[in-house]
Amino acid sequence: MVSKTEETQLSNLESQVDNGGGGAWEYLCLVRKLKVRRSEKVLKHGLSILNDPKKRSSLGHDEWTLYEQVAIAAMDCQCIDVAKDCIKILQKRFPGSKRVGRLEALLLEAMGSWEEADNAYSSLLEDHPLDQAIHKRRVALAKAQGNMSGAIELLNKYLEIFMADHDAWRELAEIYASLQMYKQAAFCYEELILSQPMVPQYHLAYADVLYTIGGLENLQNAKKYYASTIDLTGGKNTRALFGICLCSSAMGQLSKGRNKDEKESPELQSLAATALERDYKQRAPDKLSLLTTALKSLKVSS
Amino acid sequence: MAEDLVLDTAIRDWVLIPLSVVMVLIGVLRNFVAKLMRSNQVPDAKIVKEGQLIVRARNLRAGANFIPPKSFRARRFYFSNEENGLLYVPKGQAPNPQAQMFSDPNMAMDMMKKNLSMIVPQTLTFAWVNFFFSGFVAAKIPFPLTQRFRSMLQNGIDLSTVDVSYVSSRSWYFLNLFGLRGLFSLILGEDNATDDTQRMMQMSGFGFDPTKSLGAEKDSLDIVQHDWAMPKFEQRAEAVLRKALR
C-alpha cells in the first residue's frame, strides 16, 4: 500500500525529474521502494543514468540493482533489446545467480515463448524449491496463457506451503470468482478477512460472492458483510449501499409467504436507500431518476 | 596510599595502545573470516510450512469473530482434528532437536565454524597477552574505586596494596574484549559477526521446537469461543448511516 504522503513525494520527484531538475536516482529508488509501476519513466531515466559512465560508476554496487530495475521496466515496455543488454551485463557480472536466472526467464516470458519460460522456471525451482517469486511467476505464466485451471492448481500448491501469503489468497479468490466457482472464492475471501479483518474491500468482495451464491442464509450473511463494509468505510461505499438494498429485496422475495420470525433490521435498508439518494443528489443529480425507479422496483424505498 | 605509582610512558606506547589496536584489528579480521565461512542456509520446506501454518492459525484465532460460525468450525476442524489436522502432532513423533542436530552434519559443521572463529583468536590473543604483558600495570583510572573492582581491574597482579584504580594489562585485555562491541558496530555495520550476545541468543534458539509451538497453537485454538461479530455490525452500520444522514 502506498500512503498519501509517499504518493505526493513520488509525484513531486517525478515532475522534478521530468523537467530536468535532477534526482533521477532518488526517483528510481523511491519507485523501487514503493513497488509502483512506472515502467516508461524508469526506462527513460534509468537508461540516462546507465548510458552515462560517470553517473553509473558513482552508484557503486547499486549499479547492478539499477540494471535489474531497468531490465524489468524494459520488458514491461516491450523494449526487448534493452532488456537483453541489461541481462547480458548482469549475467557477466553474476554468473549462475538465481536472480539473474529469474530475469532471463522473465525475458522469455516477455517475448511470449511460454514453453521455454516455463522450462526455465521449472529448472530454477529445482535448485531453489522455496523461492516465492518464481512460484508466483509460474502462476502468472499460466494465467497469461489463459490456462486458469493450471493457475489454480499452481496457486493451490503454492498455498499449501506459504499459506499465510494473503496476496496469493486474493489472486486465487479472483480467479475462482472469474470462473464462477463462488464457493471456493468465498473460502478464499474468508481467509483474507481472517488475515486482515479491517480491510473493507475484502468484506465487500465476500458479500458480493455470498449474494451471488444466493439462498436465504447466504443472503443474510451477505447483508451482514455489506453492513460491516458500510461501518468500516463510514457509509461512503456506494456498492455496499446498493448491496444492502439488493439483499433485503431478494430476502423479501424468498421469505414471502413464510412467517417472518426474524425481522432483520428493517431500518437498515431504508437508511441505505436514503443514503444512496442523497449521494446521487450530490454527485450525479441527472441520474437520480434512474435510482428512484431502480429502488422502487426493489421495493425498498418507502 | 601516599606515594603514587608512576607509570612509564613506554608502557603506554608499547603496551596500552598496541593491545587496543590489536584487539580492534582481530575483531575486524574475525568479522571477515566469519563472513567468508558462513554458508547460506537453505531453509527446509517443512520448517517454512510450519512457520506459515502458525501464522495462519494465529490469524484464525485473532479474526475468528469476523467469519461465519460454519466457516470457523470447518477451519478449526481442519487445523486441529485428531486424525490429520495440520496442527496435530502425534505423540512420540515429535523429532528430537538434539538428535536432529547430530543427524544433520551441516548444522554441526556450522556451529563448529562459528565456534572456531570465536574461540581460536580469543585463546591466541589471551596467550599472547599473557606471555608478553603479564604483570604490567598498564593504566590508571582517574577516579577511585572500591575493593570489589580489584578482581576486574587487577587481574594478574596479586598485590593487595596497589590502589584499585590501577589497571593491569590482562584486565585491559578483558576490558577491550567485552567493551569494543559498540566500536565494532560502528565500523563494521550493525549486524557484524563479532556480536557475541547475538550469537548466544542463536545458541539458545537451537532448542526451539516447532512441534511444541504447533501444539500450543492447537490448544489455544481449541478453546476459542466463536462469537460472531457480524450481527453487531448491522446495528453499527445503521448508526453510521443515521449519523451520516443527519
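These numbers were taken from a predicted model, which means no experiment stands behind them.

On to the overall build of chain B. Across its full length, chain B carries eleven helices and two strands. Mapped in sequence order, the helices and strands of chain B form the string α-α-α-α-α-β-α-β-α-α-α-α-α. Split into buried and exposed, the 246 residues of chain B put 34% on the buried side. By sequence separation, contacts in chain B at least 24 residues apart represent 71% of the contacts at least 6 residues apart. Entry remark: accessible area of chain B is about 15600 Å², with carbon and sulfur atoms responsible for 62%.

Residues and elements named next belong to chain A. Where helix α16 (residues 266–283) contacts helix α17 (residues 288–298), the two axes come as close as 9 Å, and the packing angle between them is 165°. The angle between the axes of α16 and α17 places the two elements in the roughly antiparallel class. In this structure, the crossing between α16 and α17 has a hand that is right-handed. Where α16 approaches α17, its residues Ala273, Leu276, Glu277, Tyr280 and Lys281 are matched on the opposing element by Leu288, Leu291, Thr292 and Leu295. Taken together, the residues of the contact of α16 with α17 break down into six nonpolar, one polar and two charged.

The subject of this paragraph is a nonpolar patch on the surface. On the surface, B:Met109, B:Met112, B:Leu116, B:Val120 and B:Leu124 cluster together to form a nonpolar patch covering roughly 470 Å² of accessible area. You can see B:Leu116 is positioned in helix α5 (residues 105–133).

Assignment of secondary structure puts A:Gly150 in helix α10 (residues 148–161). Residue A:Gly150 is classed as buried on the basis of its relative accessible area of 13%.

By size, the foremost hydrophobic cluster in this structure holds 73 residues, and its most contacted members are A:Leu172, A:Tyr225, A:Tyr226, A:Ile230 and B:Leu241. Beyond its immediate stretch of four places on either side in the chain, A:Tyr225 contacts A:Ile193, A:His203, A:Tyr206, A:Ala207, A:Leu210, B:Phe66, B:Ile67, B:Pro68, B:Trp228 and B:Met230. One finds A:Leu28, A:Met75, A:Leu90 and A:Ala105 within the second-largest nonpolar core, a separate group that totals 41 residues.

Tallied over the full model, the rule gives three cavities of 30 Å³ or more. Of the pockets and cavities examined, the second largest cavity occupies roughly 50 Å³. Every residue lining the second largest cavity is listed: A:Met163, A:Ala164, A:Asp165, A:His166, A:Trp169, A:Glu191, A:Leu194, A:Ser195, B:Arg56 and B:Asn59. If you list the elements that add at least two residues to the lining of the second largest cavity, you get α11 (166–178) and α12 (182–195) of chain A together with α2 (45–63) of chain B. When residues of the lining of the second largest cavity are assigned to their parent elements, the largest contribution, three residues, is made by α12(A). Class assignment of the residues belonging to the lining of the second largest cavity gives a composition of four nonpolar, three polar and three charged.

All names here are of chain A. If you add up the space inside the largest pocket, you get close to 2000 Å³. Looking at the largest pocket, it is lined by 46 residues, and the ones nearest its centre are Lys35, Val36, Arg37, Ile72 and Arg137. In terms of residue class, the lining of the largest pocket is made up of 23 nonpolar, seven polar and 16 charged.

Helix length check: helix α11 (residues 230–245) of chain B, at 16 residues, gives a terminal C-alpha distance of 22 Å against a target of 22 Å (1.5 Å per residue), a fit within 8%. The secondary structure elements touched by the buried residues of α11(B) are α13 (200–213), α14 (216–233), α15 (238–254) and α16 of chain A.

A separate point is the interface of chain B and chain A. In this complex, chain B contributes 33 residues to the contact, which on the side of chain A involves 39 residues. With both sides pooled, the region where chain B packs onto chain A buries about 3200 Å², and carbon together with sulfur makes up 67% of that total. Looking only at chain B, the three residues that lose the most surface to chain A are B:Arg56, B:Glu234 and B:Leu241, adding up to 20% of its buried area. Summed over the shared surface of chain B and chain A, the number is five salt bridges. Note that B:Arg56 and A:Glu191 form a salt bridge whose closest N and O atoms lie 2.7 Å from each other.

All right, on to the packing of α13(A) against α14(A) then. All names here are of chain A. Relative orientation of the contacting elements α13 and α14 amounts to 160°, with a least axis distance of 8 Å. Classified by the angle between their axes, α13 and α14 sit roughly antiparallel to one another. When the axes of α13 and α14 are compared, the crossing they make is left-handed. For the pair formed by α13 and α14, the contact residues are Pro200, His203, Leu204, Tyr206, Ala207, Asp208, Leu210, Tyr211 and Ile213 on the first element and Asn218, Leu219, Asn221, Ala222, Tyr225, Tyr226, Ser228, Thr229, Leu232 and Thr233 on the second.

Residues and elements named next belong to chain B. As annotated by UniProt and renumbered to match this structure, "transmembrane region" (unreviewed entry) occupies residues 14–33 and 119–143. The distance separating the terminal C-alpha atoms of residues 14–33 is 27 Å; by composition the span is 100% helix and 0% strand. Regarding residues 119–143, the helix share stands at 60% and the strand share at 16%, and the terminal C-alpha atoms are separated by 34 Å.

What follows covers the packing of aromatic side chains. All names here are of chain A. The tally for this structure, following the rule as stated, stands at 16 aromatic pairs over all chains. Taking the centre distance of 5.8 Å and the plane angle of 85° together, the rings of Trp64 and Phe94 count as edge-to-face. Note that Trp64 is positioned in helix α5 (residues 62–76) and Phe94 in the loop between α6 (80–93) and α7 (98–111), a separation of 30 residues in sequence. Both rings, one in Tyr206 and one in Tyr225, keep their centres 4.7 Å apart while their planes meet at 85°; by these two values the pair is edge-to-face. On the criterion of sequence distance, the pair formed by Tyr206 in helix α13 and Tyr225 in helix α14 is long-range, its members being 19 residues apart.

What counts as what
Within any chain, residue numbers begin from 1 and follow the written order of that chain's sequence. For naming, the first written chain is A and the first written ligand is 1, with later ones following in the order written. Reporting of local features is limited, given that this is a predicted model, to residues whose pLDDT is at least 70; pairs of side-chain atoms are given and counted only at 80 or more, and all residues count toward the totals for whole chains, interfaces and linings. Side-chain figures throughout are based on the complete set of non-hydrogen atoms in the structure, without hydrogens or water. Under the DSSP-based scheme used, a helix requires at least four consecutive residues in state H or I and a strand at least two consecutive residues in state E, with every element numbered from the N terminus. Relative accessible area decides the class of each residue, using a 1.4 Å probe on protein chains only: under 20% of the type maximum gives buried, over 50% gives exposed, and in between gives partly exposed. In this description, contact between two residues means that some pair of their heavy atoms is separated by no more than 4.5 Å. Per-residue and other accessible areas follow the Shrake-Rupley method at a 1.4 Å probe size, with only the shown protein chains counted as cover for residues. Each axis is a line fitted through C-alpha atoms, and for a helix only the stretch in contact is used; angles between axes span 0 to 180 degrees, taken between their N-to-C directions. Roughly parallel here means an angle under 35 degrees, roughly antiparallel means over 145, roughly perpendicular means 65 to 115, and every remaining angle is called oblique. Crossings are sorted by hand: turned counterclockwise from the far helix by less than a right angle, the near helix makes the crossing left-handed, and turned clockwise it makes it right-handed. Lys, Arg, Asp and Glu make up the charged group, whereas Ala, Val, Leu, Ile, Met, Phe, Trp, Tyr, Cys and Pro make up the nonpolar group; the residues left over, Gly among them, are polar. Only residues whose relative accessible area exceeds 30% and that form no salt bridge are eligible for patches; like-charged ones are grouped when within 9 Å, while nonpolar side chains (Val, Leu, Ile, Met, Phe, Trp, Tyr) are grouped when within 5 Å. When a carboxyl oxygen of Asp or Glu lies within 4 Å of a side-chain nitrogen of Lys or Arg, that pair is called a salt bridge. Put simply, buried Ala, Val, Leu, Ile, Met, Phe, Trp, Tyr and Cys residues joined by side-chain atoms within 4.5 Å make one nonpolar core. Points on a 1 Å grid, built from protein atoms alone, make a cavity when a 1.4 Å probe fits but cannot get out and make a pocket when they are open with protein on both sides within 12 Å along at least 5 of 7 lines; residues with an atom within 4 Å of a point are the lining residues. Grid points are joined across faces, edges and corners, and a volume is the space filled by probe spheres set on the points. An expected span of 1.5 Å times one less than the residue number is assigned to each helix. Accessible area, probed at 1.4 Å, shrinks when two parts are joined; the buried area is that loss added up over both. UniProt positions are given in the numbering used here, feature names are shortened, and annotations may be inferred rather than shown by experiment. Only centres within 6.5 Å qualify two rings of Phe, Tyr or Trp (six-membered ring in Trp) as a pair; their planes then separate them into stacked at under 30 degrees, edge-to-face at over 60, and tilted for everything else.

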